[in-house]
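# Breakdown of the fold
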Amino acid sequence: SSLVSSLRLQRASMASPTMEYPDKFHKAKAYVQASRKRGEELADETQLVLYALDRQVVDGPCREPKPSAWNARERALWQAWDHLGQMSRE
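A short tour of the structure in this document, coming up. Keep in mind that what you see is a predicted model, and the values were worked out from it rather than measured.

## A look at helix H2 (residues 23-37)
In this model, H2 (15 residues) spans 21 Å end to end at C-alpha, consistent with the 21 Å of a helix rising 1.5 Å per residue. Within H2, burial applies to Phe 25, Ala 28, Tyr 31, Val 32 and Ser 35. Seen end-on, H2 carries its buried residues on one side only, within an arc spanning 125 degrees. Phi for Gly 39, located one or two positions after H2, is positive at around 85 degrees.

Shown next, in the form of structure tokens:
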């Protein structure tokens, strides 16, 4: 599909050795936002990973209390972020 082709192209351009952090991060974030505006949906697992990485970069390691098991969405977001552990913001 065109989405798969687009993802491959984006992945190739993001893997460029000339692009450094934080440029890579901002380019990936812009790609996701543009995809949403076009009405394209990313897989749930991909969205969780991107959410967790964004929170890690912006807020650092997860220090928020674990949400209730009754709130499945918030719990999944928290688990994805918490799973990154002490990964550096960079």
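That was the structure; now back to the text.
## Some remarks on the nonpolar core
Residues Ala 52, Cys 62, Trp 78, Ala 80 and Trp 81 constitute the largest nonpolar core, which totals 5 residues. Here this core gets 3 residues from one element, more than from any other, and that element is helix H4 (residues 72-82). Leaving out residues up to four positions away in the same chain, Trp 78 has contacts with Cys 62, Glu 64, Pro 65, Lys 66 and Pro 67.

## Digging into the layout of surface pockets
Of the voids in this model, the second largest pocket is the one considered here, and its volume is about 180 Å³. Taken together, Arg 36, Asp 44, Gln 47, Leu 48, Tyr 51, Arg 73, Ala 76 and Leu 77 make up the full set of residues lining the second largest pocket. The set of elements that each furnish at least two residues to the lining of the second largest pocket consists of helix H3 (44-59) and H4. Ranked by residue count, the leading element in the lining of the second largest pocket is H3, at 4 residues. Broken down by class, the residue content of the lining of the second largest pocket amounts to 4 nonpolar, 1 polar and 3 charged.

Rules used in this analysis
- Residues numbered from 1 in each chain as written.
- Predicted model: local features only at pLDDT ≥ 70, side-chain atom pairs only at ≥ 80, totals over all residues.
- Heavy atoms only, no water.
- Helix = DSSP H or I, 4+ residues; strand = E, 2+ residues; numbered from the N terminus.
- Expected span 1.5 Å × (residues − 1).
- Buried < 20%, exposed > 50% of the residue type's maximum accessible area, 1.4 Å probe, protein only.
- Arc of directions from axis to C-beta.
- Core = buried A, V, L, I, M, F, W, Y, C linked by side-chain atoms within 4.5 Å.
- Contact = heavy atoms within 4.5 Å.
- 1 Å grid on protein atoms, 1.4 Å probe; cavity = no way out; pocket = protein on both sides within 12 Å on 5 of 7 lines; lining within 4 Å.
- Points joined across faces, edges and corners; volume = space filled by probe spheres on them.
- Nonpolar A, V, L, I, M, F, W, Y, C, P; charged D, E, K, R; others polar.

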